[in-house]
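If you want the building blocks of each chain, they are given just below.
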Amino acid sequence: PQEEKYVVFEPDRGGWNNIRMAAETAMLFAHATGRTLVLPPQEKWYLLDKGSHPDENKASFRMFFDLSKVSEAMKIISMEQFLDTVAFKGLLKQPIPPRFRTAQAFIGEKTYWEGNNRVYRYLETACH
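We now turn to the structure provided with this report. (Residues numbered from 1 in each chain as written. Predicted model: local features only at pLDDT ≥ 70, side-chain atom pairs only at ≥ 80, totals over all residues. Heavy atoms only, no water.)

## Some thoughts on the packing of helix α3 (residues 79-87) against helix α5 (residues 118-126)
Alright, step 1. Running from amino to carboxyl end, α3 crosses α5 at an angle of 40°, the nearest separation of the two axes being 13 Å. Classified by the angle between their axes, α3 and α5 sit oblique to one another. In this structure, α3 meets α5 at a crossing whose hand is left-handed. Across the interface between the two elements, Met79, Phe82, Leu83 and Ala87 of α3 pack against Val119, Tyr120, Tyr122 and Leu123 of α5.
Alright, step 2. Taken together, the residues that form the contact of α3 with α5 break down as eight nonpolar, no polar and no charged. (Axes fitted to C-alpha atoms, helices over the stretch in contact; angles between N-to-C directions. Helix = DSSP H or I, 4+ residues; strand = E, 2+ residues; numbered from the N terminus. Parallel < 35°, antiparallel > 145°, perpendicular 65-115°, else oblique. Left-handed = near helix turned anticlockwise from the far one by under 90°. Contact = heavy atoms within 4.5 Å. Nonpolar A, V, L, I, M, F, W, Y, C, P; charged D, E, K, R; others polar.)

So this is what it looks like as structure tokens:
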């Protein structure tokens, strides 16, 4: 059996059009190379975080793209699924810090500075 390969990407920190174009590029790359697209976790997006309640200020690609239609042409999984089935199983170059027992805990503990978080810093060092 062929080893499954993935495309993991960090959303652009600019406005909606930058975010959308980066997502479309990642989708096209994943499709063209036969890889599974890993969707970033839900998080705050620049200029789309104007709600009065913190939970209203999070966005995901599922809100803007018909991913059920996209998934007819390629495999798509969540970041949580990727961490559970790949990272936590030791299949990346670097293990997740042992204090995190679940993907949700790892995703949830964010250290924001201009939108950056622990997940993407980890993936920069752990992925090929």
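More follows now that the structure is in view.
## Concerning the packing of aromatic side chains
Alright, step 1. Overall, the coordinates contain three aromatic pairs when judged by the stated rule.
Alright, step 2. Measuring from ring centre to ring centre gives 5.0 Å for Phe100 and Phe106, while their planes differ by 70°; the resulting arrangement is edge-to-face. Judged on exposure class, the residue Phe100 and its partner Phe106 are both buried.
Alright, step 3. For the pair Phe106 and Tyr122, a centre-to-centre distance of 5.5 Å together with 90° between the ring planes defines the contact as edge-to-face. You can see Phe106 sitting in helix α4 (residues 103-108) and its partner Tyr122 sitting in helix α5, a full 16 residues away along the chain. Pair check on accessibility: Phe106 and Tyr122 agree, each one buried.
Alright, step 4. Members of the aromatic cluster, each reached through a chain of ring pairs, are Phe100, Phe106 and Tyr122. (Phe/Tyr/Trp six-rings, centres within 6.5 Å; stacked < 30°, edge-to-face > 60°. Buried < 20%, exposed > 50% of the residue type's maximum accessible area, 1.4 Å probe, protein only.)

## Some remarks on the pairing of strand β2 (residues 36-39)
Alright, step 1. Residues Thr36 and Val38 of β2 are buried on one face, and the alternating residues Leu37 and Leu39, pointing to the opposite face, are buried as well.
Alright, step 2. When strand β1 (residues 6-8) meets β2, the two strands line up parallel, connected through three bridges. Counterpart to Val8 in the pairing with β2 is Val38.
Alright, step 3. After leaving β1, the chain enters helix α1 (residues 16-33) and then returns to the sheet as β2, a path that is right-handed. (Pairing = 2+ DSSP bridges. Right-handed = clockwise from strand over helix to strand, strands pointing away.)

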